[in-house]
Amino acid sequence: MLKRRPTRDVKVGAVTLGGRHPVAVQSMCATRTQDIDATVEQAEAIRRAGGDIVRVAVDSARDVEALAEIRRQTPANLVVDLQENYRLAASVAPHVDKVRYNPGHLYHHERDKPVPEKVRFLADVARDNDCALRVGVNCGSVDPEIKGRHPDDDVQAMVESALQHCALLDDLGFERYVVSLKDSHPRKVIEANTRFAAARPDVPLHLGVTEAGIPPEGIIKTRVAFEQLLSRGIGDTIRVSLTLPNPRKHEEVLVGRQILDDIGAGRFRSVPVFDDDRLNIISCPSCSRVENERFVDLAQAVKEMTVYAQQHALTIAVMGCRVNGPGETDDADLGLWCGPTHVNLKRKTETVGVFGYDEILGRLRTELDALIEARSGSVLVR
Ligand code: SF4
């Protein structure tokens, strides 16, 4: 049995999140949302594997049309992940059980409109459509105003952003929400969720290490974070984010269930402390926004090609799309984000260039060698 915090109930379709209920497991479809057959098949595979909630991405009116049909064809509890166009919530909410918004993206869209007004819109839509909300804060896309107040503490910036949105929703009398605070480093996930849970013990938490990457490293990072948090009763639903090809996407749920079973039985395996002084490859789990399916193979190839650099404390990020890729690679020493025909290569926030899928590995190697050479002999602290 897992120890639980007494968080409040939040109903998401047929499942209820919160301290009085089992920890729910969720995953996300990586198929194109408009490919209805493939998305329904993947949603069902996730459900059969033990997934309680299935997330899909929606970016356009045609995605919304597809979503309506997906809803008809699967009994899965569905969640939609909104990007910057928060107003799409009005058309997706009738077809789903929960809507996730990112406060950082909300900040960027319609800058002239005050954020509280946008939150009111989302709360009204959710209420009118019997939906829950998730305030999904990501370290890579925190509201810049809040980030500016905490230039040296990005964990606190995440926590403050989440707390701000909880206060906005509370003021509207809307309580049917959960919060997530995600980063690709398990230490930050542990810190952020621990601080948030201390400040808001009543709010259910969705746990995840974002862009954890390819197994087994992606599983290790996730396990390190989940063991620390769930063993203290923190966490009401989990998502394991792994870079996997589409036919294996449901394995995220199997891994999540295994971690829950192990913690419940007192089998703590993590404690290989996640090393900060070695090469760290992060890669997104992919979703319908991937425009070239070579992304998963590329992430695997980057891992294999960089084995020689294991002893260097550098981070390489490999992201699947132009929506989150440009921002989520900013903190990495070297970042790759994939377009339909080319891959963009970055050094921190600076763009190095755009390269074909066949040439990117060679170019990455050149950049990696140059970084190692430039840093050799110095003590690297991250
Ligand atoms: S980076 Fe893009 S493709 Fe990858 S999970 Fe995020 S939105 Fe999907």
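Data block above holds the structure.
The sections below set out a description of the structure shown in this document. Because the structure is a prediction, the values reported are computed rather than measured.

### Overview of the side chain of Lys249
For step 1, the next point in the chain: Along the chain, the position of Lys249 falls in the loop between β10 (237-239) and α10 (251-264).
For step 2, the next point in the chain: Using a relative accessible area of 0% as the deciding quantity, one classes Lys249 as buried.
For step 3, the next point in the chain: Only 2.9 Å separates the side chain of Lys249 from the side chain of Glu252, close enough to count as a polar contact.
For step 4, the next point in the chain: Setting aside residues up to four positions removed in sequence, Lys249 forms contacts with Ser27, Met28, Ala30, Gln42, Arg239, Leu242, Leu244, Pro285 and Ser286.

### Some points on the sheet that holds strand β14 (residues 342-347)
For step 1, the next point in the chain: Spatially, the five strands line up as an open sheet ordered β11-β12-β13-β14-β15, and their pairing is mixed. Every other strand in the sheet has two partners, leaving β11 (280-283) and β15 (350-356) as the edge strands with one partner each. For this sheet the average axis-to-axis angle between neighbouring strands, irrespective of direction, equals 15°.
For step 2, the next point in the chain: Bridge count between strand β12 (residues 315-319) and strand β13 (residues 334-338): four bridges; the pairing is parallel. Its bridge partner lying in β13, Ile316 is registered against Leu334.
For step 3, the next point in the chain: Strands in contact with helix α11 (residues 294-305) are β11, β12, β13 and β14; relative to β12, the strand with the most contacts, it is inclined by about 165°.

### Looking at the packing of helix α9 (residues 217-230) against α10
For step 1, the next point in the chain: Running from N to C, α9 and α10 point in directions that differ by 40°, and their axes come no closer than 10 Å. The angle between α9 and α10 falls in the class oblique. Considering how the two elements wind past one another, α9 and α10 form a crossing that is right-handed. Contact residues: Ile219, Thr222, Arg223, Phe226, Glu227 and Leu230 in α9; Val255, Gln258, Ile259, Leu260, Asp262 and Ile263 in α10.
For step 2, the next point in the chain: When grouped by side-chain class, the residues that make up the contact of α9 with α10 number seven nonpolar, two polar and three charged.

### Some thoughts on the packing of aromatic side chains
For step 1, the next point in the chain: Taken as a whole and assessed by the stated rule, the structure comprises one aromatic pair.
For step 2, the next point in the chain: The interplanar angle of 85° and the centroid separation of 5.5 Å between the aromatic rings of Tyr86 and Phe121 together place this pair among those described as edge-to-face. Of the two residues, Tyr86 is situated in the loop between β5 (77-81) and α3 (89-92) and Phe121 in helix α5 (residues 115-128); the sequence distance between them amounts to 35 residues.
For step 3, the next point in the chain: The positively charged end of Arg365 is found above the aromatic ring belonging to Tyr308, 3.8 Å away from the centroid.

### Quick notes on the site of the ligand
For step 1, the next point in the chain: Every residue lining the ligand is accounted for by Cys284, Pro285, Ser286, Cys287, Arg289, Val290, Gly320, Cys321 and Asn324.
For step 2, the next point in the chain: Mapping the ligand onto the cavity grids shows that it belongs to the largest cavity.
For step 3, the next point in the chain: Of the residues contributing to the shell around the ligand, the split by class is five nonpolar, three polar and one charged.

### Considerations on the side chain of Thr237
For step 1, the next point in the chain: Secondary-structure assignment places Thr237 in strand β10.
For step 2, the next point in the chain: Accessibility expressed as a relative area gives 0% for Thr237, which makes it buried.
For step 3, the next point in the chain: Of the polar contacts made by the side chain of Thr237, one reaches the backbone oxygen of Ala24; its length is 3.0 Å.
For step 4, the next point in the chain: A polar atom in the side chain of Thr237 sits 2.8 Å from the side chain of Gln26.
For step 5, the next point in the chain: Once you skip the residues sitting within four places of it in the chain, Thr237 turns out to touch Leu17, Val23, Ala24, Val25, Gln26, Leu205, His206 and Leu207.

### As for the sheet that holds strand β4 (residues 53-57)
For step 1, the next point in the chain: Judged by pairing direction, the barrel is parallel, and its eight strands sit side by side in the order β3-β4-β5-β6-β7-β8-β9-β10 before closing back on the first. Direction aside, neighbouring strands of the sheet carry axes that sit 25° apart on average.
For step 2, the next point in the chain: Examined bridge by bridge, strand β6 (residues 98-101) and strand β7 (residues 132-138) share four bridges and lie parallel to one another. Bridging from a neighbouring strand, Arg100 pairs with Arg134 of β7.

### So, the nonpolar core
For step 1, the next point in the chain: In this structure, Leu133, Leu169, Val179, Leu181 and Phe196 are the most contacted members of the largest nonpolar core, which totals 77 residues.
For step 2, the next point in the chain: Per-element accounting of this core gives the leading share, eight residues, to helix α7 (residues 154-171).
For step 3, the next point in the chain: In contact with Leu169, not counting residues within four places along its chain, are Tyr101, Val119, Ala123, Leu133, Val135, Phe174 and Tyr177.
For step 4, the next point in the chain: Counting 32 residues, the second-largest nonpolar core is a separate cluster that includes Leu314, Ala317, Leu336 and Leu364.

The rules behind the values
- Residue positions within a chain follow its written sequence, with the count starting from 1.
- With the structure being a predicted model, the display of local features is reserved for residues of pLDDT at least 70 and the display and counting of side-chain atom pairs for 80 or more, all residues being used for whole-chain, interface and lining totals.
- Excluded from the side-chain calculations are hydrogens and water; all other atoms, namely the structure's heavy atoms, are used.
- The helix and strand labels rest on DSSP assignments: H or I over at least four residues marks a helix, E over at least two residues marks a strand, and numbering proceeds from the N terminus.
- We call a residue buried when its accessible area falls under 20% of the maximum for its residue type, exposed when it is over 50%, and partly exposed in between, using a 1.4 Å probe and counting protein chains only.
- Any pair of nitrogen or oxygen atoms within 3.5 Å is treated as a polar contact; in protein, a donor-acceptor pairing is required on top of that, and neighbouring residues in sequence qualify only through side-chain atoms on both sides.
- When checking whether two residues touch, look at their non-hydrogen atoms; a contact exists if any pair is within 4.5 Å.
- By definition, two strands form a pair when at least two bridges between them are found by DSSP.
- Lines fitted to C-alpha atoms define the axes, with helix axes restricted to the stretch in contact, and inter-axis angles between N-to-C directions lie between 0 and 180 degrees.
- These descriptions rest on fixed angle ranges, namely under 35 degrees for roughly parallel, over 145 for roughly antiparallel, 65 to 115 for roughly perpendicular, and the rest for oblique.
- Left-handed describes a crossing in which the near helix is turned anticlockwise from the far one by less than a right angle; the clockwise case is right-handed.
- Residues are grouped as follows: nonpolar covers Ala, Val, Leu, Ile, Met, Phe, Trp, Tyr, Cys and Pro; charged covers Asp, Glu, Lys and Arg; every other residue, Gly included, is treated as polar.
- Ring pairs shown here join Phe, Tyr and Trp side chains whose ring centres sit within 6.5 Å, with only the six-membered ring taken for Trp; geometry is labelled stacked below 30 degrees between planes, edge-to-face above 60, and tilted in between.
- Here, a charge over a ring is recorded when the distance from Lys NZ or Arg CZ to the ring centre is within 6 Å and its angle to the ring normal is within 35 degrees.
- Nearness here has a simple test: a residue counts as near a molecule or strand if at least one of its heavy atoms is within 4 Å of that partner.
- Cavity: a set of points on a 1 Å grid over the protein atoms alone where a 1.4 Å probe fits but cannot get out. Pocket: an open set with protein on both sides within 12 Å along at least five of seven lines, its lining residues, like those of a cavity, having an atom within 4 Å of a point.
- Those molecules having more than half of their atoms within 2 Å of a cavity or pocket grid point set are described as sitting in that cavity or pocket.
- In plain words, nonpolar cores are sets of buried Ala, Val, Leu, Ile, Met, Phe, Trp, Tyr and Cys residues tied together by side-chain atoms within 4.5 Å.

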